[in-house]
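Reading the structure
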Amino acid sequence: MPANTLSNEQTVAGVFDAEAIREEFPILERRVHGRPLVYLDNAATTQKPLPVLRAEDSYYRTLNSNVHRGVHRLSEEATEAYEASRESVRRYLNAASTQEIVFVRGTTEAINLVAATFGRTHLAPGDVVLISGLEHHSNIVPWQMVCAERGATLSVIPIDDRGQLRMDEFGRLLTDRVKIVAVNHVSNALGTVNPVREIVAKAHARSIPVLLDGAQALPHGPVDVRELECDFYAFSGHKVFGPTGIGVLYGRSALLGSLPPYQGGGDMIRSVTFEKTVYNDLPYRFEAGTPNIAGSIGLGAALDYLWKLDWPGIRAHERDLLSYATEQISTVPGIRLIGTAEEKVGVLSFVLQDVHPHDIGTILDQEGIAIRTGHHCAQPVMIRFGIPATARASFAFYNTKAEVDALVEGVRRVREVMGV
Ligand code: C6P
């Protein structure tokens with residue numbers, strides 16, 4: 001991840017100790033099929049550190065009650081904890097205000113929210129939504145749905161053979177018919193880090209807003225949405241070492257505030273009569289119903305935990321791990337790496353001759369190694385490379401070179417078992 005799209009107060013790299021930090025992630029001590037767990041499926045979901053486990057447990061043991069509703073003590077304390085988490089998110093993204101932080105179920109819901117509200121109010125027949133060929137289905141399907149409804153068209157920035165966006169094509173596709181650009185910050189299938197600052201600058205030069213899907217970027221460090229100048233930023237709690245079922249939509253307040261509500265119900269209203277409903281202020285206008293209170297508190301704990309880490313040191317460790325893994329896996333005969341972008345996070349997507357990726361995953365599992373196989377909810381990426389699926393190992397800061405060695409050894413074993 002280039003330092004220029006991530007931010008943190010610290011600037012000096014220490015030597016990051018991955019072995020030491022593993023002690024804070026109890027699940028990493030597990031054994032699977034009698035072997036030590038080698039967890040390399042971090043792009044699917046990350047493991048949780050003790051402070052997150054404690055925060056959720058403590059919420060249910062000591063605070064459990066509904067938020068924004070009760071005058072009683074527990075409800076007040078739960079509301080305070082819920083809103084404190086919103087502030088933790090604001091700080092991690094360097095948003096201007098907590099009004100810009102909407103709690104949702106995850107990245108998928110965040111993008112659906114924007115597609116439904118912005119899409120329905122800003123798209124007309126002949127308009128264009130510009131996405132990229134690297135997108136997760138969550139940043140394709142909601143736009144397809146709203147385009148079909150509004151008579152608009154989906155346009156796609158193509159990718160090159162290394163899995164990088166064709167920025168020359170982006171310039172050509174960015175016409176005045178484009179009403180929103182929606183791209184991922186980091187690709188889940190290939191690990192490519194996209195030039196999002198350039199994308200935002202070019203789109204804004206034509207007054208076109210930009211949504212960034214940050215699901216795979218935030219696990220690799222804080223970002224500064226004000227510095228990126230994006231209009232929307234979406235992410236999931238479970239990929240940033242927090243709980244499942246919780247995520248965030250950041251929206252620049254001027255734009256977010258101009259959008260109609262997404263879902264109707266409790267908490268998103270100021271007053272209701274049968275004749276007329278007056279909606280609540282930001283961000284509550286987009287938080288209908290009892291929210292995932294424990295999840296939000298767990299997410300706040302995760303981001304507070306991450307905030308204190310040595311990010312320059314972690315980035316150096318992650319870069320080192322990726323280049324070691326790339327080098328080592330390339331020594332295995334028959335391996336083809338899919339996605340070799342110049343700027344990448346720790347994702348190794350690969351195929352091994354004509355061995356089906358599911359067989360690779362199953363054999364590695366017998367060795368205690370967890371990877372993901374399939375199309376990674378990014379089928380257009382697979383189509384672009386002419387393959388149905390890949391095996392994908394994805395790293396987090398708690399992974400070590402010994403685990404890379406285990407992966408490479410495991411892939412050699414796959415060759416033996418499959419006779420290739
Ligand atoms: N990618 C993966 O294994 P949800 O499911 O809403 O938390 O996140 C969806 C999503 C959106 N955008 C990107 C870039 C993503 O990587 C994901 C989730 C996981 O790659 C599960 S498919």
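Residues numbered from 1 in each chain as written. Predicted model: local features only at pLDDT ≥ 70, side-chain atom pairs only at ≥ 80, totals over all residues. Heavy atoms only, no water.

**A short note on the overall build of the protein**
Cut-off, in case you're wondering: A helix here means a DSSP run of H or I that spans at least four residues, while a strand means a run of E at least two residues long, and both kinds are numbered starting from the N terminus. All radius of gyration figures rest on C-alpha atoms, and the globule criterion is 2.2 Å times the number of residues raised to 0.38. Each residue's exposure class comes from its accessible area (1.4 Å probe, protein chains only) as a fraction of the maximum for that residue type: buried when under 20%, exposed when over 50%, partly exposed otherwise.
Scanning the protein from N- to C-terminus turns up 14 helices and 17 strands. Since a compact globule built from 420 residues should have a radius of gyration of about 22 Å, the 22 Å found for the protein is in line with a globular shape. Taken over the C-alpha atoms alone, the protein extends approximately 70 × 55 × 40 Å along its principal axes. The 420 residues of the protein split such that 57% are buried.

**Points about the sheet that holds strand β4 (residues 101–104)**
We count it as follows: Pairing between strands is defined by DSSP: at least two bridges between them are needed. Lines are fitted to the C-alpha atoms to define the axes, a helix being fitted only along its stretch in contact, and any angle between axes, read from their N-to-C directions, falls within 0 to 180 degrees.
Within the open sheet, the 7 strands sit side by side as β4-β10-β9-β8-β7-β5-β6. Their pairing is mixed. Each of the sheet's edge strands pairs with one partner strand only, and the pair in question is β4 and β6 (153–157). Each strand of the sheet is rotated relative to its neighbour by a mean of 20 degrees, with strand direction disregarded. Across 4 bridges, the pairing between strand β7 (residues 178–184) and strand β8 (residues 210–213) is parallel. Each bridged residue has a counterpart across the sheet, and for N184 the counterpart in β8 is D213.

**Some remarks on the site of the ligand**
For the record, the criterion: Each residue is tested against the molecule or strand, and it is near if at least one of its non-hydrogen atoms lies within 4 Å. The term polar contact refers here to a pair of N or O atoms within 3.5 Å; inside protein, the definition further demands a hydrogen-donor-capable atom paired with an acceptor-capable atom, and it admits residues adjacent in sequence only when both atoms are side-chain atoms. Method remark: on a 1 Å grid restricted to protein atoms, a set of points is classed as a cavity if a 1.4 Å probe fits but cannot get out and as a pocket if it is open with protein on both sides within 12 Å along at least five of seven lines; lining residues have an atom within 4 Å of a point. Assignment of a molecule to a cavity or pocket requires that more than half of its atoms lie within 2 Å of the corresponding grid points. For every domain, the bounds stem from an assignment made automatically or drawn from a database.
Neighbouring the ligand are 16 residues, the closest being T108, D213, Q216, S236 and R372. Between the ligand and N188, the relevant distance is 2.7 Å, taken from an oxygen atom to a side-chain nitrogen or oxygen of the residue. A distance of 2.9 Å separates a nitrogen atom of the ligand from a polar side-chain atom of K239. According to the grid-proximity analysis, the pocket containing the ligand is the largest pocket. The residues that make up the shell around the ligand include at least three from each of domain 1 (18–48 + 310–418) and domain 2 (53–307).

**Examining the side chain of T390**
Formally: Residue contacts are counted whenever heavy atoms from the two residues lie within 4.5 Å of one another.
For T390, the location among the structural elements is in strand β17 (residues 390–394). T390 sits in the buried class, given a relative accessible area of 0%. Reaching out from T390, the side chain makes a polar contact with the side chain of H376 at a distance of 2.7 Å. Ignoring any residue separated from it by four or fewer positions in sequence, one finds T390 in contact with I338, S349, F350, V351, P357, R372, T373, G374, H376 and M382.

**Describing the pairing of β17**
A large share of β17 lies buried, amounting to 5 of its 5 residues. On β17, burial covers both faces: T390, R392 and S394 on one face and A391 and A393 on the other are all buried. Where strand β16 (residues 372–374) lies against β17, 3 bridges are found, and the strand directions are antiparallel. Among the inter-strand pairings, T373 is bridged to a residue of β17, identified as A391.

**Looking at a negative patch on the surface**
We count it as follows: Grouping into patches uses exposed residues only, defined as over 30% relative accessible area, and leaves out salt-bridged ones; the cut-off is 9 Å for like charges and 5 Å for nonpolar side chains (Val, Leu, Ile, Met, Phe, Trp, Tyr). Note that accessible areas follow from Shrake-Rupley with a 1.4 Å probe, and for residues the cover is restricted to the protein chains shown. Only one rule defines a salt bridge in this text: a Lys or Arg side-chain nitrogen within 4 Å of an Asp or Glu carboxyl oxygen. Note on charges: Lys and Arg go in the positive column, Asp and Glu in the negative column, and His and the chain ends are not counted at all. Charge coordinates come from a single atom per side chain, which is NZ of Lys, CZ of Arg, CG of Asp or CD of Glu.
A cluster of acidic residues, D17, E19, E23 and E29, forms a negative patch on the protein surface. Within the fold, E19 resides in helix α1 (residues 18–22).

**Brief notes about the domain arrangement of the protein**
Rules: A quick way to say it: buried area is the sum, across both parts, of accessible area lost when two parts are put together, with a 1.4 Å probe. Polar here means any residue other than Ala, Val, Leu, Ile, Met, Phe, Trp, Tyr, Cys and Pro, which are nonpolar, and Asp, Glu, Lys and Arg, which are charged; Gly is therefore polar.
Once the domains are mapped, the protein shows domain 1 (18–48 + 310–418) and domain 2 (53–307). The interface is formed by 38 residues belonging to domain 1 together with 33 residues belonging to domain 2. Interface area, domain 1 with domain 2, both sides summed: about 2900 Å², of which 55% is carbon and sulfur. Scanning the region where domain 1 abuts domain 2 turns up 1 salt bridge. Where R384 meets D161, a salt bridge forms, and the shortest distance between an N and an O atom there is 2.7 Å. The greatest single-element share of the side of domain 1 that touches domain 2, amounting to 6 residues, is contributed by helix α13 (residues 379–385). For the side of domain 1 that touches domain 2, a count of residues per class yields 20 nonpolar, 9 polar and 9 charged.

**As for the environment of L348**
Secondary-structure assignment places L348 in strand β14 (residues 347–352). Through-space distance from the C-alpha of L348 to that of I329 is 9.0 Å; in sequence the pair is 19 residues apart.

**Here we look at the environment of V129**
Following the sequence through the fold, V129 ends up in strand β5 (residues 128–132). Accessibility expressed as a relative area gives 0% for V129, which makes it buried. When the C-alpha atoms of V129 and A182 are compared, they prove to be 7.6 Å apart, with 53 residues separating the residues in sequence. Apart from the residues within four sequence positions on either side, V129 is in contact with L123, W143, C147, T153, L154, S155 and I180.

**Quick word on helix α5 (residues 141–150)**
Heads up, the rule is: Note: the arc covers the axis-to-C-beta directions of the helix.
Within the span of α5, buried status applies to P142, W143, V146 and C147. The buried residues of α5 occupy one face: seen down the axis, they fall within an arc of 130 degrees. Every exposed residue of α5 that faces more than 90 degrees away from the buried side is listed here: M145 and A148. Tucked inside the fold, the buried residues of α5 contact α4 (107–122), β5, β6, β7 and β8. Just downstream of α5 lies G151, where phi reads positive at about 75 degrees.

**Concerning empty space enclosed by the protein**
Applicable threshold: Grid points are joined across faces, edges and corners, and a volume is the space filled by probe spheres set on the points.
Under the definition given, this model contains 2 cavities of 30 Å³ or more. Considering only enclosed or pocket space, the largest cavity measures out at about 80 Å³ in volume. Within the lining of the largest cavity, the residues separate by chemical class into 8 nonpolar, 6 polar and 2 charged. If you count residues domain by domain, the lining of the largest cavity takes at least three from each of domain 1 (18–48 + 310–418) and domain 2 (53–307). For the second largest cavity, the calculated volume is near 40 Å³.

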